[in-house]
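For reference, the chains in residue letters:
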Amino acid sequence: MKLVFATNNPNKLKEVRALLPSTIKLLSLTDIGCKEDIPETSPTIEGNAIQKANYIKEHYGYDCFADDTGLEVESLDGAPGVYSARYAGKEKNADANMNKLLNELSEVEHRDAQFKTVIALIINHKLQTFTGVCKGAITKEKKGSSGFGYDPIFLPYGYSNTFAELPLSEKNKIGHRGKAVQQLIKFLNH
């Protein structure tokens, strides 16, 4: 089975490829010649995932899936949420995003947060969504060099290491994207 993963993020591609069985040939946007920036104008994480999957199906005709992920901090009423990638500006700079978040939480003790990923799958002209959540807390400083995005400041509950300090195999087991991808695989196997 061939499926397009509607992302330009090589880190996401690597994470998902590590999870998928060899029976699924994963194509990237580069593989299908998609160079444009796919619109993400929905006010929700789920809406953005659906919007991206619909775009690929409508413009390229492939069965595909897309994801959108947000970091939701309780004391900030769920922010940065749908704006996680652009929290500190349109440049989508991970360091700037983390610095802004750490600055906003500098006087805050309640640092509970969750990562949420929604995957939208379009296969045989039908839409299906899968949601993965990983709960944890925001650290007071960046730790670790693996991963991407907010991984250096996200400490999953029950762990003493941030996502950026965990090996990919461990992060995929407990992480939001890994949980959503496992649901996707289960669905595809039925």
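Refer to the structure presented above.
Our subject in this report is the structure included herewith.

Criteria and cut-off values
Residues numbered from 1 in each chain as written. Predicted model: local features only at pLDDT ≥ 70, side-chain atom pairs only at ≥ 80, totals over all residues. Heavy atoms only, no water. Phe/Tyr/Trp six-rings, centres within 6.5 Å; stacked < 30°, edge-to-face > 60°. Buried < 20%, exposed > 50% of the residue type's maximum accessible area, 1.4 Å probe, protein only. Lys NZ or Arg CZ within 6 Å of the ring centre and 35° of its normal. Axes fitted to C-alpha atoms, helices over the stretch in contact; angles between N-to-C directions. Helix = DSSP H or I, 4+ residues; strand = E, 2+ residues; numbered from the N terminus. Parallel < 35°, antiparallel > 145°, perpendicular 65-115°, else oblique. Left-handed = near helix turned anticlockwise from the far one by under 90°. Contact = heavy atoms within 4.5 Å. Nonpolar A, V, L, I, M, F, W, Y, C, P; charged D, E, K, R; others polar. Expected span 1.5 Å × (residues − 1). Pairing = 2+ DSSP bridges.

## Concerning the packing of aromatic side chains
Link 1 in the chain: One pass over the structure, following the stated rule, counts five aromatic pairs.
Link 2 in the chain: Here the aromatic rings of F154 and F163 are separated by 5.1 Å at their centres, their planes lie at 50 degrees, and the arrangement is tilted.
Link 3 in the chain: The buried category is assigned to F154, whose relative accessible area is 0%.
Link 4 in the chain: Accessibility expressed as a relative area gives 1% for F163, which makes it buried.
Link 5 in the chain: Among the aromatic residues, those joined into a cluster by ring pairs are F115, F154 and F163.
Link 6 in the chain: Note that K100 overlies the ring of Y87, its terminal NZ or CZ placed 4.4 Å from the centroid.

## Comments concerning the packing of helix α1 (residues 10-19) against helix α5 (residues 176-188)
Link 1 in the chain: The interhelical angle for the contact between α1 and α5, taken along N-to-C directions, is 45 degrees, at an axis separation of 10 Å. Considering their axes alone, α1 and α5 lie oblique with respect to each other. Along this stretch, α1 crosses α5, giving a crossing that reads as right-handed. When α1 is examined against α5, the residues K12, E15, V16 and L19 are found in contact with a partner set consisting of R177, G178, V181, Q182 and I185.
Link 2 in the chain: Looking at the contact of α1 with α5 residue by residue, the classes come out as four nonpolar, two polar and three charged.

## Observations regarding α5
Link 1 in the chain: Helix length check: α5, at 13 residues, gives a terminal C-alpha distance of 19 Å against a target of 18 Å (1.5 Å per residue), a fit within 8%.
Link 2 in the chain: Taken together, the buried positions of α5 are occupied by H176, R177, G178, A180, V181, L184, I185 and L188.
Link 3 in the chain: Contacts made by the buried residues of α5 are with β1 (2-5), α1, β3 (64-73), β5 (112-123), β6 (126-138) and α4 (168-174).

## Some thoughts on the pairing of β5
Link 1 in the chain: Taking burial as the measure, the twelve residues of β5 include ten buried ones, the bulk of the element.
Link 2 in the chain: Taken together, the ten bridges between β3 and β5 define a ladder with antiparallel strand orientation. Note on β5: the bridge partner recorded for D68 is V118.
Link 3 in the chain: As paired strands, β5 and β6 are joined by twelve bridges and run antiparallel to one another. Within the sheet, the bridge partner assigned to Q114 lies in β6 and is K135.
Link 4 in the chain: The turn joining β5 and β6, which pair antiparallel and follow one another in sequence, is formed by two residues; a positive phi near 55 degrees is taken by N124.

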